[in-house]
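# Structure assessment
The primary structure of each chain is shown beneath.
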Amino acid sequence: MNFMFIKEYEYYLNKNNEDSFYLASIFIRYFKSKKISTLCFKVIAVISIFIIFYDFFLQVIRKIKFNKLRIVASDVYINSSSPKEFNHLRRKKIYKPEFNVLNFPYKMKLKDVKKINIECLLPIKSYIKALNNSIKSNLYLMRKYGLNGAFYSITSYKYFLMNEFLNSLPDKTNIYFNNQKDRWALLFDSMDKLNKNLVQHGTNIVNLDNPKVTKFFGYDEVYKNYYLNMPYKLKNIDTLYAFTEKEARYVLLGEQTSDNLDVVYIGYPIILTPIGKAKNTVSVLIVGCYNMYFEEEMQLLDILKNESCVIYLKPHPTMEKKIYRKIKDQYCFILITEDIFPDVDIVFSYSSTLAFEYENSGKKVIYYNNIRTNNSNKINRKEVLKLLNYSKKSN
């Protein structure tokens, strides 16, 4: 059994610490009520093993529809992070037409790529083996970590099915993926027989003066920056496609122990889209990440709602947009759900890759750390309005 699935969990959560992660990052954001959130969390955790069986039967039904087995005869791009990341690979000519694009665990909606379905590539015994490993991981995590462990394991079936797929590939097959610091990254990294090509997804540069959670941050004396310093490190990556030399430095410092990998610089993926606006009006972009910065986003929207500005909000591509749709009319902002990057005057953001991309494009980017009051989560209203007025004068 590939224990990388369990390994990622054990780095982040403590035994029976059921209020530390899932309630805060998932349920409370939707329900607001801690009682309802706790109830939903516990119900899903308790029935987690049934969810695993449901996932198994769903995959088997799909398998029955695809009886024929065929062999993968070319390199594979694995669609296991945000599917939007794939566009950057195409623009930078990393993706080639002969590549296979695995339609798992996410569906690839693009029609002009060579897609392959996992149902056509694995025998039924692989599905049963994945189920066996998924049940084992569920029981192990529940016994050792309580409901938090059980909740985490509901995603385990697809993980173990991916493990079966990777083991079925011929030796020296090139696999391309965007995962840097999750269980998928650990799984791909563990495949010694494959050539592993990691395309950078997200930044490791942390634009904070004094990070609160110090155990996940390192400090670089060269650039005077903090960076994400993961408690585990990838050991077997063959080629890293990094945005810039500085980004590569922090990926290698924070996520890798490999000494013999090749590094290719591909630049940031952003292309700005012109927007129309009225005279003496400032255009603002808020980079959204509701599971970590929703409080700051709400404060900004409240400050800006009566100002002469056009507000855009672009959520993190892997997150649900539902929570923003609920408040869109109340705060009169334009929600961007497509792969579009508006050419705005000013950007408010956490330390996100998108913020660095805008900064690299010559745009004024304000990080939350620069507009907080006394290192709290409270956004300084006067500072925001001062920046807004300065942008109006510059226009």
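What you are looking at is a predicted structure, and each value in this text was computed from that prediction instead of being measured.

### Considering the packing of helix H6 (residues 124-145) against helix H8 (residues 156-168)
Axis separation between H6 and H8 bottoms out at 8 Å; the angle between their running directions is 135°. By the criterion of interaxial angle, the relationship of H6 to H8 is oblique. The chirality of how H6 crosses H8 is right-handed. Contacts between H6 and H8 involve Ser126, Tyr127, Lys129, Ala130, Leu131, Asn133, Ser134 and Ser137 on the former and, on the latter, Ser156, Tyr157, Phe160, Leu161 and Glu164. Classifying every residue of the contact of H6 with H8 gives six nonpolar, five polar and two charged.

### Notes on the side chain of Glu357
Residue position: Glu357 is located in helix H13 (residues 353-360). For the buried Glu357, which has no salt bridge, the nearest side chain bearing the opposite charge is Arg91, at an N-O separation of 7.5 Å. For Glu357, the contacting residues outside a window of four places in its chain are Tyr268, Pro269 and Ile270.

### Overview of a nonpolar patch on the surface
Together, Leu39, Val43, Val46, Ile47 and Phe50 line one region of the surface with nonpolar side chains, adding up to about 490 Å² of accessible area. When residues in the nonpolar patch are grouped by element, the largest group, three residues, is from helix H3 (residues 34-46). By the secondary structure assignment, Ile47 is in the loop between H3 and helix H4 (48-65).

### Considerations on the sheet that holds strand E5 (residues 195-199)
The strand order across the open sheet built from seven strands is E3-E2-E1-E4-E5-E9-E10, with neighbouring strands paired in parallel fashion. Every interior strand has two partners, whereas the edge strands, strand E3 (115-116) and strand E10 (262-265), have only one. Sheet topology note: the strand E2 (residues 100-102)/E3 ladder contains two bridges and is parallel. In the strand pairing of E3, Val101 is matched with Lys115. Contacts from H8 reach strand E1 (76-78), E2 and strand E4 (174-177), with the element oriented near 170° to E1.

### Examining the packing of aromatic side chains
All chains considered together, the criterion is met by 21 aromatic pairs. Each ring, one from Phe86 and one from Tyr95, has its centre 4.8 Å from the other, and the planes form 70°; the classification is edge-to-face. Overall, Phe86 belongs to the buried group, its relative accessible area being 0%. Under the relative-accessibility criterion, Tyr95 is labelled buried at 11%. With centroids separated by 5.0 Å and ring planes inclined at 90°, the aromatic side chains of Tyr159 and Phe160 adopt a geometry described as edge-to-face. Judged by relative accessible area, Tyr159 falls into the buried class, the value being 0%. Here Phe160 falls in the buried class, since its relative accessible area comes to 0%. A connected cluster of aromatic rings, assembled from ring pairs, spans Tyr77, Phe86, Tyr95, Phe99, Tyr176 and Tyr241. The positively charged end of Lys314 is found above the aromatic ring belonging to Phe341, 4.8 Å away from the centroid.

### Re the sheet that holds strand E13 (residues 309-315)
By way of backbone hydrogen bonds, the strands of a sheet pair with one another, either parallel or antiparallel. Strands sit in the order E14-E13-E12-E16-E17 across an open sheet of five strands; the sheet is parallel. In the strand order of this sheet, the two ends are held by strand E14 (334-335) and strand E17 (364-367), each with one partner. Of the pairings in the sheet, the one linking strand E12 (residues 282-288) to strand E16 (residues 346-349) comprises three bridges and is parallel in character. Opposite Val284, over in E16, you have Ile346 as the bridge partner.

### Points about the environment of Ser352
In this structure, Ser352 sits in the loop between E16 and H13. As a C-alpha pair, Ser352 and Ile205 span 147 residues in sequence and 8.2 Å in three-dimensional space. When neighbours within four sequence positions are excluded, Ser352 is seen to be in contact with Thr203 and Val287.

### Examining the environment of Gln200
Here Gln200 is to be found in the loop between E5 and strand E6 (205-206). For the pair Gln200 and Asn178, spaced 22 residues apart in sequence, the C-alpha separation works out to 5.8 Å. Looking at Gln200, its side chain comes within polar contact range of the main-chain nitrogen of Phe243, at 2.9 Å.

### As for H4
Between the first and last C-alpha of H4 there are 26 Å, a value that for 18 residues agrees with the 26 Å anticipated at 1.5 Å per step. Every buried residue of H4 is accounted for by Ser48, Ile52, Asp55, Phe56, Gln59, Val60 and Lys63. On an axial view of H4, the arc spanned by its buried residues comes to 135°, and they lie on one face. Across H4 from its buried face, at more than 90 degrees, point the exposed residues Phe50, Tyr54, Ile64 and Lys65. Where H4 is buried, its residues touch H3, H6, helix H7 (147-152) and H8.

Here is what the cut-offs are and how they apply
- Here the residue index of a chain counts from 1 through its sequence in written order.
- Local features in this predicted model are restricted to residues whose pLDDT is 70 or higher, and side-chain atom pairs enter the listing and the counts only when it is 80 or higher, whereas totals over whole chains, interfaces and linings include all residues.
- Each side-chain value is derived from all of the structure's non-hydrogen atoms; neither hydrogens nor water enter the calculation.
- Whenever a helix is involved, its axis is fitted only over the stretch in contact; in every case the axis is a line through C-alpha atoms, and angles between N-to-C directions fall within 0 to 180 degrees.
- Helix and strand definitions here come from DSSP, where helices need a minimum of 4 consecutive H or I residues and strands a minimum of 2 consecutive E residues; each element is numbered from the N-terminal end.
- These descriptions rest on fixed angle ranges, namely under 35 degrees for roughly parallel, over 145 for roughly antiparallel, 65 to 115 for roughly perpendicular, and the rest for oblique.
- When the near helix sits turned anticlockwise from the far one by under a right angle, the crossing is termed left-handed; a clockwise turn instead gives a right-handed crossing.
- Contacts are assigned to residue pairs with any non-hydrogen atoms lying within 4.5 Å of each other.
- All amino acids are sorted into three groups, where Ala, Val, Leu, Ile, Met, Phe, Trp, Tyr, Cys and Pro are nonpolar, Asp, Glu, Lys and Arg are charged, and the leftover types, Gly among them, are polar.
- Partly exposed residues are those whose accessible area sits between 20% and 50% of the maximum for their type, while under 20% is buried and over 50% is exposed, using a 1.4 Å probe and protein chains only.
- Positive charges come from Lys and Arg alone, negative charges from Asp and Glu alone, with His and the N- and C-terminal ends not counted.
- Between Lys or Arg on one side and Asp or Glu on the other, a salt bridge is scored when a side-chain nitrogen of the former is within 4 Å of a carboxyl oxygen of the latter.
- To count toward a patch, a residue needs a relative accessible area over 30% and no salt bridge; like charges are then connected within 9 Å, while nonpolar side chains (Val, Leu, Ile, Met, Phe, Trp, Tyr) are connected within 5 Å.
- The Shrake-Rupley method, run with a 1.4 Å probe sphere, supplies the accessible areas, and residue values consider only the shown protein chains as cover.
- Each pair of strands is called paired provided DSSP finds at least two bridges between the two strands.
- Only rings of Phe, Tyr and Trp enter the pairing, Trp through its six-membered ring, and a pair is recorded when the two centres are within 6.5 Å. The plane angle decides the type: under 30 degrees is stacked, over 60 is edge-to-face, the rest tilted.
- In this scheme, Lys NZ or Arg CZ marks a charge over a ring once it lies within 6 Å of the ring centre and within 35 degrees of the ring normal.
- The definition of a polar contact used here is a pair of N or O atoms within 3.5 Å, where within protein one atom must be able to donate a hydrogen and the other to accept one, and adjacent residues in sequence count solely through side-chain atom pairs.
- Here the expected length of a helix is defined as 1.5 Å per residue gap, with one fewer gap than residues.
- The directions from the helix axis to the C-beta atoms are what the arc is built from.

In short, the description is geometric, and any link to function would need to be established separately.
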